[in-house]
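Coordinate inspection notes
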Amino acid sequence: MESLSPAQPPAASEARCPAHPQKAVLGACARCGTFFCEYDRETVDGKDYCDTCAEHPDVDYLEAFRLKYWGKRDAWTWLVGLGALINLAVGAILLANELVNKDLGNAGLLLGLTSLVGGGVGVCFWVGMPFARLALCFVPIISLIISGFIAGAEAVGRSIWPVIITLSIYNNTRNKLFFKEEVSREALQKAWHLFHNNTVARAGFMLSFLALLIGFVAPISLLCSIIGLRRVNPTATPPVGRKGQAIAGIVLSSVSIVGWGLFWAVVKLKLI
Ligand SMILES: [Zn+2]
Ligand SMILES: [Zn+2]
């Protein structure tokens, strides 16, 4: 028998872990209530679980989110793939025209080549080749420089948007997961919040703005917002948030129903 240390309550040191009888129980799993010792205690987001529950998708929901999108193409990747096909077609047409008619000159040749190279990088991006993630950022920068030389400052102004878009793709969490890049838990949390946190409340909130313009939408946005508000539970695992959006959705939907109701009544009364 080991002697009791003053830091441990007697009950805790007398109880033995069911999986490891040689070890004292340190506590109970927050999900299933099983006792754990120092061997099978797992801490996730500040709560202690047994090692079985710690791997459950509801408990480590950020890890489950990461695995769900790991290596999967996001909307940006599909858009880049589509853009690559257009670039390849444009490049091929420009170069073919140059070979047959020889009327485009150096500018046409340069545009054709950059379109082909840009399209090639886009295809590599769609396939998921690691170099293409950074290379894609250089495609619009290089075409910006070229169009600046050919068409002047006006063209540079128009070409700045692709630069901003490719940089935001580079920093996008879902896109990083497609390329199997490591993502911080904070970034996972933000992406999870955007795609999985109380989507009914989010839909109700967005629809409630539409309801201000189109009265018939108001009952739908009101229903979504009420369902969303009932689901809010910040202490659940995973937590369900968006309480503010749900309340705002209910208020805006109610304003729409009252406003459109009055408007309709007034119009009706005048007609009678
Ligand atoms: Zn458990
Ligand atoms: Zn144990």
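Residues numbered from 1 in each chain as written. Chains lettered and ligands numbered in written order. Predicted model: local features only at pLDDT ≥ 70, side-chain atom pairs only at ≥ 80, totals over all residues. Heavy atoms only, no water.

Right, let's get into the overall build of the protein. Of regular secondary structure, the protein possesses 12 helices and four strands. A compact globule built from 272 residues would reach a C-alpha radius of gyration of about 19 Å, whereas the protein, at 29 Å, exceeds it by more than 25%. Once the C-alpha set of the protein is aligned to its principal axes, its extents read approximately 95 × 75 × 25 Å. Looking at the 272 residues of the protein, the share that counts as buried comes to 31%. Roughly 16800 Å² of accessible area belongs to the protein as shown, and the carbon and sulfur atoms make up 68% of that amount. In the protein, 24 side chains carry a positive charge and 19 a negative one; their mean positions are 12 Å apart. (Helix = DSSP H or I, 4+ residues; strand = E, 2+ residues; numbered from the N terminus. Rg over C-alpha atoms; globule rule 2.2 N^0.38 Å. Buried < 20%, exposed > 50% of the residue type's maximum accessible area, 1.4 Å probe, protein only. Areas by Shrake-Rupley, 256 points an atom, 1.4 Å probe, with all protein chains shown as cover. Lys, Arg positive; Asp, Glu negative; His and termini not counted. Charge placed at Lys NZ, Arg CZ, Asp CG, Glu CD.)

Right, let's get into the coordination of the zinc ion (ligand 1). At this site the zinc ion (ligand 1) is bound by Cys29 (SG), Cys32 (SG), Cys50 (SG) and Cys53 (SG), with donor distances of 2.3 to 2.4 Å. Around the zinc ion (ligand 1) sit four donor atoms; with metal-centred angles ranging over 104 to 115 degrees, the donor geometry is tetrahedral. Between the donor residues of the zinc ion (ligand 1), the gaps in sequence give the motif C-x2-C-x17-C-x2-C. Using a relative accessible area of 5% as the deciding quantity, one classes Cys29 as buried. (Donors = N, O, S within 2.8 Å, 3.2 Å for Na, K, Ca; no water. Tetrahedral: all angles 85-135°; square planar, octahedral: opposite > 155°, others 65-115°.)

Next up on the list: the environment of Pro18. Inspection of the secondary structure assignment puts Pro18 in the loop between helix H1 (10–14) and strand S1 (27–28). For the pair Pro18 and Cys37, spaced 19 residues apart in sequence, the C-alpha separation works out to 8.8 Å.

Looking at the metal site, the zinc ion (ligand 2) is ligated by Cys17 (SG), His20 (ND1), Cys37 (SG), Asp40 (OD) and Asp40 (OD), spaced 2.0 to 2.6 Å from it. Counting the intervening residues between successive donors of the zinc ion (ligand 2) yields the motif C-x2-H-x16-C-x2-D. Note that His20 is positioned in the loop between H1 and S1 and Asp40 in the loop between strand S2 (35–36) and strand S3 (41–44), a separation of 20 residues in sequence. A relative accessible area of 21% means that His20 is categorised as partly exposed.

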